[in-house]
Amino acid sequence: MTSTAVFAVEGMSCGHCERTVSAGLTALPGVTEVTADAKAGRVTVAGEIDEDRVRTAVVEAGFVLTGRL
């Protein structure tokens, strides 16, 4: 099922952080679009979303996923 979800992410502070998180999430199977916003501390993910995989990708990128908004 295709949907859109917004997640709170701690630790992003710049455009490089946004690109790093976006690259990790875009590589996930089923993800069709990612928008990271460091200033707001959130990332929007569209597609077939597996929250456990999203969490793992964010952690592997060096950040903390604190929850779904």
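The rules behind these values
Residues numbered from 1 in each chain as written. Predicted model: local features only at pLDDT ≥ 70, side-chain atom pairs only at ≥ 80, totals over all residues. Heavy atoms only, no water. Helix = DSSP H or I, 4+ residues; strand = E, 2+ residues; numbered from the N terminus. Rg over C-alpha atoms; globule rule 2.2 N^0.38 Å. Buried < 20%, exposed > 50% of the residue type's maximum accessible area, 1.4 Å probe, protein only. Contact = heavy atoms within 4.5 Å. Areas by Shrake-Rupley, 256 points an atom, 1.4 Å probe, with all protein chains shown as cover. Pairing = 2+ DSSP bridges. Axes fitted to C-alpha atoms, helices over the stretch in contact; angles between N-to-C directions.

Student: So what about the overall build of the protein chain? Which residues, and what values?
Tutor: The helix and strand inventory of the protein chain stands at 2 helices and 4 strands. When the helices and strands of the protein chain are placed in sequence order, the string is β-α-β-β-α-β. Against the globule reference of 11 Å for 69 residues, the protein chain gives a C-alpha radius of gyration of 10 Å, in line with a compact fold. In terms of principal-axis extent, the alpha carbons of the protein chain reach across some 30 × 20 × 15 Å. Expressed as a percentage of its 69 residues, the buried residues of the protein chain come to 38%. For the protein chain, long-range pairs separated by at least 24 residues make up 67% of all intrachain contacts whose partners lie at least 6 apart in sequence. Total accessible area on the protein chain is roughly 4000 Å²; 49% of this is exposed by carbon and sulfur atoms.

Student: Quick one: what's the story with the sheet that holds strand S3 (residues 42-47), residue by residue and with numbers?
Tutor: Read across the open sheet, the 4 strands follow the order S2-S3-S1-S4; overall the sheet is antiparallel. Taken across any chain shown, the strands that pair with only one partner, and hence form the sheet edges, are strand S2 (31-37) and strand S4 (64-68). Across this sheet, the average inter-strand angle for adjacent strands is 30 degrees, counted without regard to direction. Pairing between strand S1 (residues 3-10) and S4: 4 bridges, direction antiparallel. Bridge pairing links Ala8 to Gly67 in S4. Packing against the sheet, helix H1 (residues 15-26) makes contact with S2 and S3, and its axis sits at approximately 165 degrees to S2. Sitting on the sheet, helix H2 (residues 51-60) is in contact with S1 and S4, with an inclination near 150 degrees to S4.

Student: Kindly report on the environment of Ser22, identifying the contributing residues and their values.
Tutor: Relative to the helices and strands, Ser22 resides in helix H1. Judged by relative accessible area, which is 17%, Ser22 ranks as buried. If we skip the residues at most four places from it in the chain, Ser22 touches Val34 and Ala36.

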